[in-house]
Amino acid sequence: MQARQGLAGPTSEGLDEDVFADCELAARASTALNLTGASIRDNSYPGEPEDPVARGALVRGAPSIILPHQEASYVRHIALDIGGSLIKLVYFSPDHHEGQELTTPGMARQSSGHHHKGGRMHFVKFETARIDDCLDFIQAKGLHRCTLRDGSSREVRVKATGGGAIRFAEIFKVRLGLVLEREDEIGCAVGGCNFLLRTITHEAFAFEASQAQFVPSISVDSELFPYLLVNIGSGVSIIRVDGPGEGQFSRVSGSSVGGGTFWGLCKLLTGVRDFDDMLELSMQGNNSNVDMLVGDIYGGRDYSSIGLSASTIACSFGKVVGQDKELEEYNPAGMQW
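Notes on the structure follow. (Residues numbered from 1 in each chain as written. Predicted model: local features only at pLDDT ≥ 70, side-chain atom pairs only at ≥ 80, totals over all residues. Heavy atoms only, no water.)

1. Thoughts on the nonpolar core
Part 1: With 24 residues, the main nonpolar core has L80, L89, I138 and F172 as its most contacted residues.
Part 2: When contributions to this core are tallied by element, the ones reaching two or more residues are strand 6 (78–82), strand 7 (86–94), strand 10 (117–127), helix 2 (131–141), strand 13 (156–161), helix 4 (169–176) and strand 14 (178–182).
Part 3: The element best represented in this core is helix 2, accounting for five residues. (Core = buried A, V, L, I, M, F, W, Y, C linked by side-chain atoms within 4.5 Å. Buried < 20%, exposed > 50% of the residue type's maximum accessible area, 1.4 Å probe, protein only. Helix = DSSP H or I, 4+ residues; strand = E, 2+ residues; numbered from the N terminus.)

Put into structure tokens, the structure is as follows:
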């Protein structure tokens with residue numbers, strides 16, 4: 001099983017025939033992902049080495065995908081989503097085999113001429129406001145280079161989504177020599193969601209009473225479409241998807257209250273600035289200290305006739321109205337929901 005994705009590829013402008021052939025090999029390798037035998041490996045897996053280059057990235061909770069049959073020779077898999085709050089980076093690193101010469105960090109060049117297979121896809125994120133961390137990471141990993149057989153490098157074009165693909169295009173060009181080729185953000189999200197729902201078992205699930213009920217992958221279009229895709233970024237877009245074809249979707253609604261709202265409120269209320277620190281803090285608190293629950297309204301009982309349990313949030317921050325407290329008196333962990 002292979003999934004074709006438009007990730008990174010070198011440009012052929014101004015190259016001689018031999019160099020062009022090398023870059024063509026890199027371009028072909030970078031557009032096909034072989035998912036045979038793929039598996040997910042969490043960073044907390046015993047024996048996983050710490051990546052010193054990744055320390056500037058927000059890597060906690062970001063597992064990698066092992067691709068044991070992916071062609072690893074001259075692979076240049078890299079793609080970006082540069083949103084209003086976070087930059088998301090995905091890249092491929094080949095496994096190291098005996099007889100390989102390691103060039104830059106995370107990059108292997110075949111010294112014997114043989115094509116080895118195997119590697120993994122990594123997912124990291126950075127705060128958009130700290131874009132230099134992302135640029136430093138790409139540079140340290142050598143992800144901005146197309147390394148040819150003679151050891152030389154050529155310009156790499158990278159597929160990128162989000163408003164930052166326009167806003168920061170010049171910075172990537174000047175700092176790293178990367179050319180960002182912007183793709184439609186919603187179109188990519190829809191295409192990715194279609195792929196996951198059709199291909200990956202247990203990708204879709206219903207979540208009720210703290211229990212996930214998984215559903216099998218859906219291969220029949222009539223059973224899959226239409227569906228609503230709620231894309232939660234800094235803001236929220238709600239997309240109706242009517243079919244697998246290009247343009248078979250439309251934005252039907254949305255909200256300005258999204259991930260950026262959460263981040264902004266947490267920063268104002270708790271003083272915590274780091275995104276992952278906010279997520280960790282939210283796991284330590286008890287939202288029932290500030291949120292009004294259904295049980296608070298109905299004397300500890302469920303509202304069973306409409307399917308609401310007593311623990312369902314009826315009003316975020318609803319209890320604060322009746323509490324005679326100053327902001328400093330609240331536990332920062334308890335103010336996050």
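2. Digging into the pairing of strand 10
Part 1: In terms of burial, strand 10 is a largely internal element, nine of the 11 residues being buried.
Part 2: In terms of strand pairing, strand 5 (residues 64–71) meets strand 10 through four bridges, oriented antiparallel. For I65, the partnering residue across the bridge sits in strand 10 and is M121. (Pairing = 2+ DSSP bridges.)

3. Quick notes on helix 7 (residues 259–270)
Part 1: Its 12 residues give helix 7 an end-to-end C-alpha distance of 16 Å, which sits within 8% of 16 Å, the value for a rise of 1.5 Å per residue.
Part 2: Those residues of helix 7 not exposed but buried are F262, W263, C266 and T270. Seen end-on, helix 7 carries its buried residues on one side only, within an arc spanning 95°.
Part 3: Where the residues of helix 7 are buried, they touch strand 7, strand 10 and helix 8 (275–284). (Expected span 1.5 Å × (residues − 1). Arc of directions from axis to C-beta. Contact = heavy atoms within 4.5 Å.)

4. A short note on the environment of V215
Part 1: If you trace the backbone, V215 turns up in strand 16 (residues 211–215).
Part 2: A relative accessible area of 35% places V215 in the partly exposed class.
Part 3: Once the C-alpha coordinates of V215 and L197 are considered, the two residues, 18 residues apart in sequence, prove to be 9.6 Å apart.
Part 4: Leaving out residues up to four positions away in the same chain, V215 has contacts with H202, A204 and F205.

5. So, the sheet that holds strand 17 (residues 227–232)
Part 1: Read across the open sheet, the three strands follow the order 17-18-19; overall the sheet is antiparallel. Bordering the open sheet on either side are strand 17 and strand 19 (249–255), each of which pairs with just one other strand. Strand-to-strand twist of the sheet, defined as the mean angle between neighbouring strand axes without regard to direction, takes the value 25°.
Part 2: In the packing of helix 5 (residues 185–199) onto the sheet, contacts are made with strand 17, strand 18 (236–241) and strand 19, and the angle to strand 17 comes to roughly 120°. (Axes fitted to C-alpha atoms, helices over the stretch in contact; angles between N-to-C directions.)

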